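Next come the chains, spelled out residue by residue.
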Amino acid sequence: MITAPGQVEIVREHLPALGPDDVYAESVVSGISHGTEMAWMAGDAAALHRSWDPQRRIFLNGAGRDFPVAPGYETIARVTAVGEAAVGKVSIGDLVTLDRPHGTAHIVPADAALASRLPAGVDPERAVFFILARVALGGVHDAEVRLGDTVVVVGLGTVGLLAGQLARLAGAAKVIGVDRYPLRLDTADSLGITPVHATTDDIAVQVRKLCGPQGADVAIEASGSYRGLHEAIRCVRVGGRVATVASYHGDQDGLRLGEEYHRNRITLISSMTVNGCPQRTHPAWDLPRLNAAARELVISGHIHVDSLVTHRFPFSEAAKAYHLIAQRPEETIKVVLTYDK
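Undergrad: What is the right way to look at the overall build of the protein in this model?
TA: The secondary structure content of the protein amounts to 12 helices and 16 strands. Its C-alpha atoms give the protein a radius of gyration of 20 Å, within 12% of the compact-globule value 20 Å for 341 residues. In terms of overall dimensions, the protein has C-alpha extents of about 65 × 45 × 40 Å along its principal axes. Classification of the 341 residues of the protein by burial places 49% in the buried group.

Structural data, given as structure tokens:
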């Protein structure tokens, strides 16, 4: 639980009794979201400071959520008990993907476990990337990458590195990745993404040296920074398209909509695959199809994830994992929690 800004604690909770159509699943590995979860950790998440009205779908002035918060949504767990009515749906030993907070065990409806069951032989640590691969895939769809495009990805954390690979699969002739951390730039380079160091020269000038003076066709913004979003806008051509897959939190400087955004008639698209937002190409694509496609792209190796895990912490040392990401982000790409007995 994140009990206050900067404070992570392990708490003990009693799960309900196993129902006849439930399964009991013990966690194997879970991934920390460096965007959403770290915003809670920093106390910057929008839901802490404003109140979300689900009927009108707007944030309103007034108190939002409060601590404690149970973070996490990238859990891989192994079924170790099955309710009597669930026998035959799911078997003991099956691995399942769960959109559940970090924790040692979970009670899950059997149908949900069946829908998220992993094929035999899939590495649980690879499967932990399924959800963020879906986020990245939704971003590439919303960006409408076309065969031959030049694509810029700003922010080379996990989602950015996945989006860069997916843009190449979608037909981009060149994918350029922007970040300030050498580890992430080197990883991007190894994945066929041309790196641009964000702390050297003017980013838009560097991008145009690589793709021509007109700029890139598309940008995918994955940094969660207003400065990053501003640079993504500056990197694209007249009438270009910028799709945001990051979450933006807190008060930030650096976004100036009176400049290139206005002058170059840029289209800005928010990519959101969940929270009640149907896909833009629905019904051809919906959330189940997007999830299934992302899973298959990871399992098949069409997108590479094995080099993205930089740190593994036992669940009991979760606080160390969060503090590492907060204090030394330049050392991390993906940090996971392990649940070895």
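Undergrad: What's the story with the side chain of E37 in this structure? I'm lost.
TA: Tracing the chain through its elements places E37 in helix α1 (residues 36–42). Of note is the side chain of E37, whose polar atom sits 2.8 Å from the backbone nitrogen of S33. The residues contacting E37, other than those within four sequence positions of it, are I2, G31, I32, P71, G72, Y73, H102 and Y322.

Undergrad: Whenever I open this one, the side chain of R241 confuses me. Can you help?
TA: Secondary-structure assignment places R241 in strand β13 (residues 236–244). Residue R241 is classed as buried on the basis of its relative accessible area of 17%. In this view, R241 contacts D142, A143, E144, D217, V218, A219, V236, T267 and I269; residues no more than four positions away in its chain are not counted.

Undergrad: Sorry if this is basic, but what is going on with the packing of helix α5 (residues 130–143) against helix α11 (residues 287–300) here?
TA: For any two helices packed against each other, one specifies the inter-axial angle together with the distance between the axes. In the contact formed by α5 and α11, the axes pass within 8 Å of each other and the chain directions differ by 110°. In terms of orientation, α5 and α11 fall into the roughly perpendicular class. As α5 runs across α11, the sense of the crossing is right-handed. Of α11, the residues touching α5 (which contributes F130, A133, R134, L137, G138 and H141) are L287, L290, N291, A293, A294, R295, L297, V298 and I299.

Undergrad: Is there a simple way to explain the sheet that holds strand β9 (residues 150–154) in this structure?
TA: As a general point, the strands of a sheet are linked pairwise by backbone hydrogen bonds and lie either parallel or antiparallel. Spatially, β11-β10-β9-β12-β13-β14 is the arrangement adopted by the 6 strands of the open sheet, whose pairing is parallel. What marks the edges here is a single partner per strand, and that holds for β11 (194–197) and β14 (267–270). Between one strand axis and the next, the sheet turns by 20° as a mean value, whatever way the strands run. Where β9 lies against strand β10 (residues 174–179), 5 bridges are found, and the strand directions are parallel. Bridge pairing links T150 to K174 in β10. Across the sheet, helix α8 (residues 203–211) is in contact with β9, β10, β11, β12 (216–221) and β13; its angle to β10 comes to roughly 160°. With respect to the sheet, helix α9 (residues 226–235) is in contact with β9, β12, β13 and β14, its orientation differing from that of β13 by roughly 145°.

Rules and cut-offs
- Residues numbered from 1 in each chain as written.
- Predicted model: local features only at pLDDT ≥ 70, side-chain atom pairs only at ≥ 80, totals over all residues.
- Heavy atoms only, no water.
- Helix = DSSP H or I, 4+ residues; strand = E, 2+ residues; numbered from the N terminus.
- Rg over C-alpha atoms; globule rule 2.2 N^0.38 Å.
- Buried < 20%, exposed > 50% of the residue type's maximum accessible area, 1.4 Å probe, protein only.
- Polar contact = N/O pair within 3.5 Å; in protein donor to acceptor, adjacent residues only side chain to side chain.
- Contact = heavy atoms within 4.5 Å.
- Axes fitted to C-alpha atoms, helices over the stretch in contact; angles between N-to-C directions.
- Parallel < 35°, antiparallel > 145°, perpendicular 65-115°, else oblique.
- Left-handed = near helix turned anticlockwise from the far one by under 90°.
- Pairing = 2+ DSSP bridges.

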